[in-house]
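Structural overview for review
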There are 4 protein chains.
Amino acid sequence: TGHDVSAKGSLGGRIFAPYYVYKGKAAFSVDPVLPTFMKLDSGDLKVKRKGVILLTFAPAIGERKYDWAKKQHFALSPTEVGSLLTMGPRDSSEFFHDPAMLSSNAGQMRKSLSIKANADGFFISLNVANNILKTNERFVVPVTTAEFAVMKTACSFALPHLMGWDRLTNQLPRSSTDSSSSS
Amino acid sequence: TGHDVSAKGSLGGRIFAPYYVYKGKAAFSVDPVLPTFMKLDSGDLKVKRKGVILLTFAPAIGERKYDWAKKQHFALSPTEVGSLLTMGPRDSSEFFHDPAMLSSNAGQMRKSLSIKANADGFFISLNVANNILKTNERFVVPVTTAEFAVMKTACSFALPHLMGWDRLTNQLPRSSTDSSSSS
Amino acid sequence: TGHDVSAKGSLGGRIFAPYYVYKGKAAFSVDPVLPTFMKLDSGDLKVKRKGVILLTFAPAIGERKYDWAKKQHFALSPTEVGSLLTMGPRDSSEFFHDPAMLSSNAGQMRKSLSIKANADGFFISLNVANNILKTNERFVVPVTTAEFAVMKTACSFALPHLMGWDRLTNQLPRSSTDSSSSS
Amino acid sequence: TGHDVSAKGSLGGRIFAPYYVYKGKAAFSVDPVLPTFMKLDSGDLKVKRKGVILLTFAPAIGERKYDWAKKQHFALSPTEVGSLLTMGPRDSSEFFHDPAMLSSNAGQMRKSLSIKANADGFFISLNVANNILKTNERFVVPVTTAEFAVMKTACSFALPHLMGWDRLTNQLPRSSTDSSSSS
């Protein structure tokens, strides 16, 4: 009942604009990933996969040098972004992901992202445990109140885009003979 | 003094991007519906019918299965959205709609939407009473603080679009010889 | 050093999308008015006159009937909008305008807009005193918390547009050889 | 691995829309400066230099007259904008810049911007010390709560643009066969 849409952006490509936080033991970037759409036979578009805020962590290997080959990802869903947006200066949150959830490999790898208030802002930590390889990687990045404010403002801006709601603005006026509202 | 506008969006269709909240006894979706416009003889456009945030509820009929054929709608007006936006973590709201208001069928059906704070977020309940059929349907969905934050952020984003104010950005600079401001 | 820009919007006209508040003794509408631009010889554009939020009041002359021929305007500047945005549930504000300020007719007419907190929201009142005609018109409209939230959300959305800052998004990427930043 | 992009805006030029605050001893303007992009061989775009909020101060030389030839700049980075956005009515902030940082001229000039709460809003002060010329320039501008609210609302709007995140909205739907998300 539909086919995928592969139109490219009008600028001829994607835009890379991550927000980086570099600290002593690790760094991370914050990057919005847009939803994908499916074209219905009617010509209308439907969100196929929601967008996410992609966090990418890398360990430090020297002064302001980071090994991005050892990066680990954590993708915040719209609802997890909602959770981040409600955090006050003394709040903490923790999110758990299993990249293989619902598959036969479920439980082999566990990722957890923790955001914990401290005196000057927050500690943002990613833990990646692999039960097969018996490895456990951990990244801890202290984030200032100002950096967290940038993350919240940018994620609040991005949230409607992750949901596909920004498409509202890309349309010409609809016919007043369309009837799609009800009470 | 005008005719209706039926231009389609530049992408050749509408976009479906509801935000779903699925819980044990029922689910609901949150979906913005844009305003409709009327073209005046001057070539200018006027809002004919304001947009709404359309809530659609469905009962659960199994684990993570919902019967959307039994769906019921509740459409939040811009002012009701304003009410939702002001709600703090301990607040409650209730809205009443009569789909046949001002017609000869007024009073036959009554819908009420209730938003009540609980320990972890809110209960959002829709009640649809039909005095003719002597039926009363009720949907109750517990919503977490994070899910409510998504709803508030997305509705805050959508509100100017429901009002038609986002059209402000779709225009080229106006002539400085136009005189439409006053003090 | 420049000439005025009179390009029309891409939709072939302006959009009328006022937000109306109708109450027992009077009504008012809230309407954004975009800035005007001046084209410089360089081809660049400069804001010539800032945008405003135009409030228009009319007296009631029957049940839900209003006499718009007797309307009076009050145009909120961007800074007055900033003042409105900071208002909490117990705050009050008052703004004074002289439409003939700096001209030989200064002082003949005085307008004041007052926003006063009450138990359920705010009273918004416009007073227009004409010293020549010895007239004094007064409009008082009670506004609920929900209606005031719509005004604040919509004015917050509109503010960057009134200032001309939304033009930021209408441009293609600038050359990285342009040098306009400094520290 | 790429070349610079020099496409001009679709309106044929840049837009000048600073927000001015004029006071007794000095004035300043607030102006967003967009990021610059680099085109990669893949056709994708990457942020080359982040945008800033450019503050420009000038001393008063008479009643409502200012000497812009003696102007001094201070460019707030996205993270410094985040700091400004978190400021409550009783907070203070101070930022230090060295325009020649990391060059052989480091330390010759020091700029500091201070934002200090007072009874009616804030004092915003720029200090520019030149160790070679043995000069020290200082600009102090009292800013009302309403003016500061305009600055915060406008900077909050501008922040995603400074980071390049507004480019999210300028694209057509991406293919659902693109795989760029992960968990």
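Look up a bit, the structure's there.
A brief report on the enclosed structure follows. Predicted model only: the values in this text are computed from it and were never measured.

1. Concerning the pattern of salt bridges
The full count for this structure, using the stated rule, is eight salt bridges over all chains. Across the pair Asp67(A) and Lys70(A) runs a salt bridge, and its minimum N-O distance is 3.9 Å. Among the ionic pairs, Glu147(B) bridges to Lys23(B), the shortest N-O distance being 2.8 Å. Of this pair, Glu147(B) sits in helix H2 (residues 145-163) while Lys23(B) is found in the loop between strand E3 (19-22) and strand E4 (26-33), placing the two residues 124 residues apart along the sequence. Using a relative accessible area of 12% as the deciding quantity, one classes Glu147(B) as buried.

2. What to know about the packing of helix H1 (residues 78-85) of chain B against H2(B)
All names here are of chain B. The N-to-C vectors of H1 and H2 enclose an angle of 150°; their axes lie 10 Å apart at closest approach. The handedness of the crossing between H1 and H2 is left-handed. Contact with H1, carried on its side by Pro-78, Val-81, Leu-84 and Leu-85, involves Phe-148, Lys-152, Cys-155, Ser-156, Leu-159, Leu-162 and Met-163 of H2 and no other residues of that element. Of the residues in the contact of H1 with H2, the class split is nine nonpolar, one polar and one charged.

3. Remarks on the pairing of strand E11 (residues 109-118) of chain B
Residues and elements named next belong to chain B. Where strand E10 (residues 92-97) and E11 come together, six bridges link them in antiparallel fashion. Bridge assignment links His-97 to a residue of E11, and that residue is Lys-111. Here E11 hands over to strand E12 (residues 121-130) after two residues, the two strands then running antiparallel side by side.

4. Observations regarding helix H1 (residues 78-85) of chain D
Within H1(D), seven of the eight residues are buried, leaving the element largely enclosed by the surrounding structure. Looking only at H1(D), the buried set comprises Pro78(D), Glu80(D), Val81(D), Gly82(D), Ser83(D), Leu84(D) and Leu85(D). Elements in contact with the buried residues of H1(D): helix H2 (145-163) of chain A together with strand E7 (52-62), strand E9 (72-76), strand E10 (92-97), strand E11 (109-118) and helix H2 (145-163) of chain D.

5. A look at the side chain of Lys111(D)
All names here are of chain D. Relative to the assigned elements, Lys-111 resides in strand E11. One buried charged residue, Lys-111, forms no salt bridge at all, with the nearest opposite charge on Glu-137 at 9.0 Å. A polar contact is formed between the side chain of Lys-111 and the backbone oxygen of His-73, at a distance of 2.8 Å.

Reading guide: rules and limits
- Residues numbered from 1 in each chain as written.
- Chains lettered and ligands numbered in written order.
- Predicted model: local features only at pLDDT ≥ 70, side-chain atom pairs only at ≥ 80, totals over all residues.
- Heavy atoms only, no water.
- Salt bridge = Lys/Arg side-chain N within 4 Å of Asp/Glu carboxyl O.
- Helix = DSSP H or I, 4+ residues; strand = E, 2+ residues; numbered from the N terminus.
- Buried < 20%, exposed > 50% of the residue type's maximum accessible area, 1.4 Å probe, protein only.
- Axes fitted to C-alpha atoms, helices over the stretch in contact; angles between N-to-C directions.
- Left-handed = near helix turned anticlockwise from the far one by under 90°.
- Contact = heavy atoms within 4.5 Å.
- Nonpolar A, V, L, I, M, F, W, Y, C, P; charged D, E, K, R; others polar.
- Pairing = 2+ DSSP bridges.
- Lys, Arg positive; Asp, Glu negative; His and termini not counted.
- Polar contact = N/O pair within 3.5 Å; in protein donor to acceptor, adjacent residues only side chain to side chain.

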